[in-house]
Amino acid sequence: MFMIKTVISKLNFTKVFLLSITSSCLTLGFIGAVNFLINKQVNEVNLSFDLNFYLVLVLFICLYALTRIYFSYSTIKLSQNLFWKLRTDVVGLMSGANFKEFKKLSDQIKSCLTSDISILTQSAEHSIYFLTSLLTMFLCIGYLAHLNILLFFITLIVIVLGGLCYYVSFKRNQFFLKNARAEEDKFVRLLTSITDGFKEISIDPNKKKNLGIIKLGEVSKQSIDLNTKAFTGISLNQLIGQILFFTLILTVLRYSHSYFGLPVITSINFVFILMFLRSAIETTMVLLPSLYQANIAYRRIINLINILKKAPPESQEYSQNAFNNFSKIILHQLGHSYSENTNKEHDFDLGPIDLEISKGDIYFIFGSNGSGKTTLILVLLGLLKPSAGSIMVDDKVISKDNIETFQMLFGVVFSDYFLFDQVFNLDIDDATVNEYLKIFELSLKVKWVNNSFTTRDLSMGQRKRLALISILLENKPIIVLDEWAADQDPYFRKKFYEQIIPLLKRKGFTIIAITHDDKYYHLTDYLYQMQEGNLTLIHREKTNMLQL
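Residues numbered from 1 in each chain as written. Predicted model: local features only at pLDDT ≥ 70, side-chain atom pairs only at ≥ 80, totals over all residues. Heavy atoms only, no water.

## Looking at the overall build of the protein chain
When its secondary structure is counted, the protein chain shows 14 helices and 12 strands. A burial count over the protein chain gives 43% of its 548 residues as buried. The contacts in the protein chain between residues at least 6 apart in sequence include a share of 78% that link residues at least 24 apart. Carbon and sulfur atoms form 59% of the exposed surface of the protein chain, whose accessible area is close to 29,600 Å². (Helix = DSSP H or I, 4+ residues; strand = E, 2+ residues; numbered from the N terminus. Buried < 20%, exposed > 50% of the residue type's maximum accessible area, 1.4 Å probe, protein only. Contact = heavy atoms within 4.5 Å. Areas by Shrake-Rupley, 256 points an atom, 1.4 Å probe, with all protein chains shown as cover.)

Structural data, given as structure tokens:
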């Protein structure tokens, strides 16, 4: 199986193979030692104490124990390395993915990181044990051929017969396992709906019943049904194999001496090896379904990685300060089209937009829902690719080669912001942090200790203030705010527009804010209206801001 080869290759094939051979050979040595003692017991009436033999036996047992301990340790360590290597690779590709592509794949990425990689990691251990059982099985079969060639061929016929039964049934079980994995994706999407829409669900019994009971019940019922069919079939295969082997063992004990004239001791030795062989074959059969599940997970991971790799290549190494001394950012005939909708009557097009952003100025943008405000911000930030036009910083055109450097100009608090548990700036002055905490009236609730805030357990408005403080501490020259003041009480909203924004302007920040607080429109340098994807300058009033 390609997946097994790939997994083991990632875990250092040579080391794994040598450990597997050593473990299998020691198992065979243990079988040989037991058979030797059985033969001695049967053939010698007075079994003498052989010190050398028992010293060798104790040494052998210690060697076997140490090998198994190291084998287990190496298997666990290597599988954990694989687990975090895969997670790191996927997260790394995810971090550099195209924003639009990431939004499409978010549920698949969650499923990959939480389910597929865990399944594949478990399969790393299973692959090694599968290989060990397979080697043990072949060594036992070779030992059987050495004892008696006729009984060896009878055993081989039983193994082939059991293998055929298993193969025919397993093809059917594969279908059930594959479809059961698809139900896991449905569960992840449902879980995302429940967690992201928890507030809406909490106040609407119909949503709670539909998502938490009906939909979840449908997914669970289908998953239970598919997995039950698959694993029942697998258990039946194991039962058939056990019946065939027990029948073989009874046949050897009953007829090997009377029909084939074999010595009793040979029959006993043969049966003893058969017990180990049965265990090795059963282990192999038990592991095959999990390896098939891992194969499904592996293909899903590879498919996801290939999709993420198709995202636009990362830009050249960026310089954080390359554009910090900019004078103007110019958007010329900038446009973006949402082309996913096949119904052209309802496609949304942004632009063409012409906008000049001067360093240190304040820009307010307002407009109705769906007018294109957020789309404009996403295109400006490089999260959505423009379908037309260009962005320039002074005389430099922004392209894929310098987009990351350009993006480092912006500190953003989105309407659906995420408050990180750290500040991404290694050079932070404690006095500056405490100043901002005092200005934003959080100093009694939040402290700055060991380069981190002591709590994020705040009200929605206070969390948004802390998010803005975190962005300001990153000291990026342009601050972008999407409906930032919407969650503030009237008192702090007034303070934000009349005191904080002028303060930030004096500190040299450029501010671009999406806002519907028309009461404060006169406090901006430039006021723009977004309507049906077009941006219109409403007024320019820099004198008010300069006087504040």
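Text resumes after the structure shown.
## With respect to the pairing of strand 1 (residues 328–337)
Summarising the sheet, strand 1 and strand 2 (residues 349–358) pair through 7 bridges and their orientation is antiparallel. Bridge pairing in strand 2 links Leu-331 to Leu-355. Bridge count for strand 1 against strand 4 (residues 388–393) is 5 bridges, and the pairing is antiparallel. Bridge pairing links His-332 to Ser-390 in strand 4. (Pairing = 2+ DSSP bridges.)

## Observations concerning the pattern of salt bridges
Scanning the model with the defined rule gives 11 salt bridges in all. Salt-bridge contacts for Asp-489 lead to Arg-465; the nearest nitrogen and oxygen are separated by 3.7 Å. Linking Asp-489 in the loop between strand 9 (478–482) and helix 13 (490–506) with Arg-465 in helix 12 (residues 460–473), this pair joins segments that are 24 residues apart in sequence. For Arg-465, a relative accessible area of 7% translates into the label buried. Notably, a salt bridge pairs Asp-517 with Arg-493, separated by 3.5 Å at the nearest N-O pair. Separated by 24 residues along the polypeptide, Asp-517 in the loop between strand 10 (510–514) and strand 11 (526–531) and Arg-493 in helix 13 bring together distant segments of the chain. Given a relative accessible area of 15%, Asp-517 falls into the buried group. Shared partners join several salt bridges into a network, and the residues in it are Asp-361, Lys-505 and Asp-525. (Salt bridge = Lys/Arg side-chain N within 4 Å of Asp/Glu carboxyl O.)

## Quick look at a nonpolar patch on the surface
On the surface, Ile-149, Leu-150, Phe-153, Tyr-255, Tyr-259 and Phe-260 cluster together to form a nonpolar patch covering roughly 630 Å² of accessible area. Ranked by residue count, the leading element in the nonpolar patch is helix 5 (residues 149–196), at 3 residues. Looking at Leu-150, the relative accessible area reads 41%, which means it is partly exposed. (Patch = residues over 30% accessible without salt bridge, like charges linked within 9 Å, V, L, I, M, F, W, Y side chains within 5 Å.)

## Digging into the sheet that holds strand 1
Read from one edge to the other, the open sheet built from 4 strands follows the order 2-1-4-5, with strand pairing classed as antiparallel. Both edges of this open sheet fall to strand 2 and strand 5 (396–397), since each of them pairs with a single strand only. In the sheet, strand 4 pairs with strand 5 via 2 bridges, with the strands oriented antiparallel. Across the sheet, Met-392 pairs through a bridge with Val-397, a residue of strand 5.

## Some details on unusual backbone geometry
Non-glycine residue Glu-441 carries a positive phi angle of around 60°. In this fold, Glu-441 is placed in the loop between helix 11 (430–439) and strand 7 (448–449). Residue class for Glu-441 comes out partly exposed when judged on its relative accessible area of 34%. Unlike most non-glycine residues, Asn-475 shows phi in positive territory, near 60°. In this structure, Asn-475 sits in the loop between helix 12 and strand 9.

## Observations concerning the pairing of strand 12 (residues 534–540)
The two faces of the sheet receive side chains in turn, since in a regular strand these alternate between them. Here 6 bridges tie strand 11 to strand 12, and the two strands are oriented antiparallel to one another. Its bridge partner being in strand 12, Met-530 is matched across the sheet by Leu-535. If you look at the hairpin formed by strand 11 and strand 12, you'll find 2 residues sitting between the two strands, and Glu-532 has a positive phi there, around 50°.

## Side note on the packing of helix 11 against helix 12
Relative orientation of the contacting elements helix 11 and helix 12 amounts to 150°, with a least axis distance of 10 Å. In this view, helix 11 runs roughly antiparallel relative to helix 12, as classed from their interaxial angle. The two elements helix 11 and helix 12 meet at a crossing, and its hand is right-handed. Only Leu-466, Ile-469, Leu-472 and Leu-473 of helix 12 make contact with helix 11, whose side of the interface consists of Thr-432, Val-433, Tyr-436 and Leu-437. Among the residues making up the contact of helix 11 with helix 12, the classes are represented as 7 nonpolar, 1 polar and no charged. (Axes fitted to C-alpha atoms, helices over the stretch in contact; angles between N-to-C directions. Parallel < 35°, antiparallel > 145°, perpendicular 65-115°, else oblique. Left-handed = near helix turned anticlockwise from the far one by under 90°. Nonpolar A, V, L, I, M, F, W, Y, C, P; charged D, E, K, R; others polar.)

## A closer look at the sheet that holds strand 12
With mixed pairing, 6 strands are arranged side by side in an open sheet as 6-9-10-3-11-12. The two strands at the open ends of the sheet, each matched to only one other strand, are strand 6 (410–413) and strand 12. Along the sheet, successive strands turn relative to each other by an average axial angle of 20°, direction set aside. Here helix 12 sits on the sheet and contacts strand 6 and strand 9; the angle it forms with strand 6, its principal contact strand, is near 175°. Contacts from helix 13 reach strand 3 (362–366), strand 9 and strand 10 within the one sheet, and its direction differs from that of strand 3 by about 135°.

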